[in-house]
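Okay, here's what each chain looks like letter by letter:
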Amino acid sequence: MRISARADYAVRAALQLAACTDTDPVKAETISAAQEIPHKFLEGILNDMRRGGLVTSQRGGNGGYRLARPAAEISIADVIRTVDGPLVSVRGVRPPELSYSGPAESLLPLWIALRANVRQILDGVSLEDVACTGLPAEVAELADNPSAWTNP
């Protein structure tokens, strides 16, 4: 699985907003500087997140962005889906829409299992978990495995 720069930036921007306990909107420039995200790229991401209902925006001198819902109610998967679409696809196609034959026939259940595991992790971790409280135990346990940190 590959996480695009767009998805990485979107999650980081959302986490920056989740970490702000202030009720004032946060300017895109502030998010851009804090997370080292190119400003123009971030503006497009924030617009997608606004259209997707994850953030709200306010115009004017005191304008900026804030989360549309509490951070505990927004999963990492919500953010990625909003800016990149489905979490797992094969050649741009969702796994249930694929079919294989012959020796590759068992490949489809493999892609479905991969998608189920990705969903389980990313849907199960909220912005609040990452920004404030820490990863859920089952996710932290996976990350604690030394082999998870090495590339075969």
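Attention in this report is confined to the structure presented alongside it. (Residues numbered from 1 in each chain as written. Predicted model: local features only at pLDDT ≥ 70, side-chain atom pairs only at ≥ 80, totals over all residues. Heavy atoms only, no water.)

## Structural notes on the packing of aromatic side chains
Note the threshold: To pair, rings of Phe, Tyr and Trp, with the six-membered ring standing in for Trp, must have centres within 6.5 Å; the planes then decide the type, stacked if under 30 degrees apart, edge-to-face if over 60, and tilted in the middle. In this text, helices come from DSSP runs of H or I with a minimum length of four residues, and strands from runs of E with a minimum of two, each type numbered from the N-terminal end. When accessible area is computed with a 1.4 Å probe and restricted to protein chains, residues below 20% of their type maximum are described as buried, those above 50% as exposed, and intermediate ones as partly exposed.
One pass over the structure, following the stated rule, counts one aromatic pair. Ring geometry for Y9 versus F41: centroids 5.4 Å apart, planes at 80°, classification edge-to-face. Of this pair, Y9 sits in helix α1 (residues 5–19) while F41 sits in helix α3 (residues 39–51), placing them 32 residues apart in sequence. Y9 sits in the buried class, given a relative accessible area of 17%. Note on F41: relative accessible area 30%, which makes it partly exposed.

## Thoughts on the pairing of strand β2 (residues 64–67)
Keep this limit in mind: Note: two strands are recorded as paired if DSSP finds a minimum of 2 bridges between them.
Relative to β2, strand β1 (residues 55–58) runs antiparallel, the two sharing four bridges. When the bridges of β2 are listed, Q58 appears paired with G64. In this antiparallel pair of consecutive strands, β1 and β2, the connection spans five residues, and G60 shows a positive phi of 105°.

## Quick look at helix α2 (residues 28–35)
Helical periodicity: at 3.6 residues per turn, an α-helix aligns residues three or four positions apart in one direction. Formally: Relevant arc is that of directions from the helix axis to the C-beta atoms, nothing else. Contact between two residues is taken to exist if any of their heavy atoms lie within 4.5 Å; hydrogens are not considered.
A28, I31 and S32 are the residues of α2 that are buried. Viewed along the axis of α2, the buried residues span an arc of 100°, placing them on a single side of the element. In this structure, the buried residues of α2 make contact with α1, α3 and β2. At the C-terminal side of α2, E36 shows a positive phi close to 55°.

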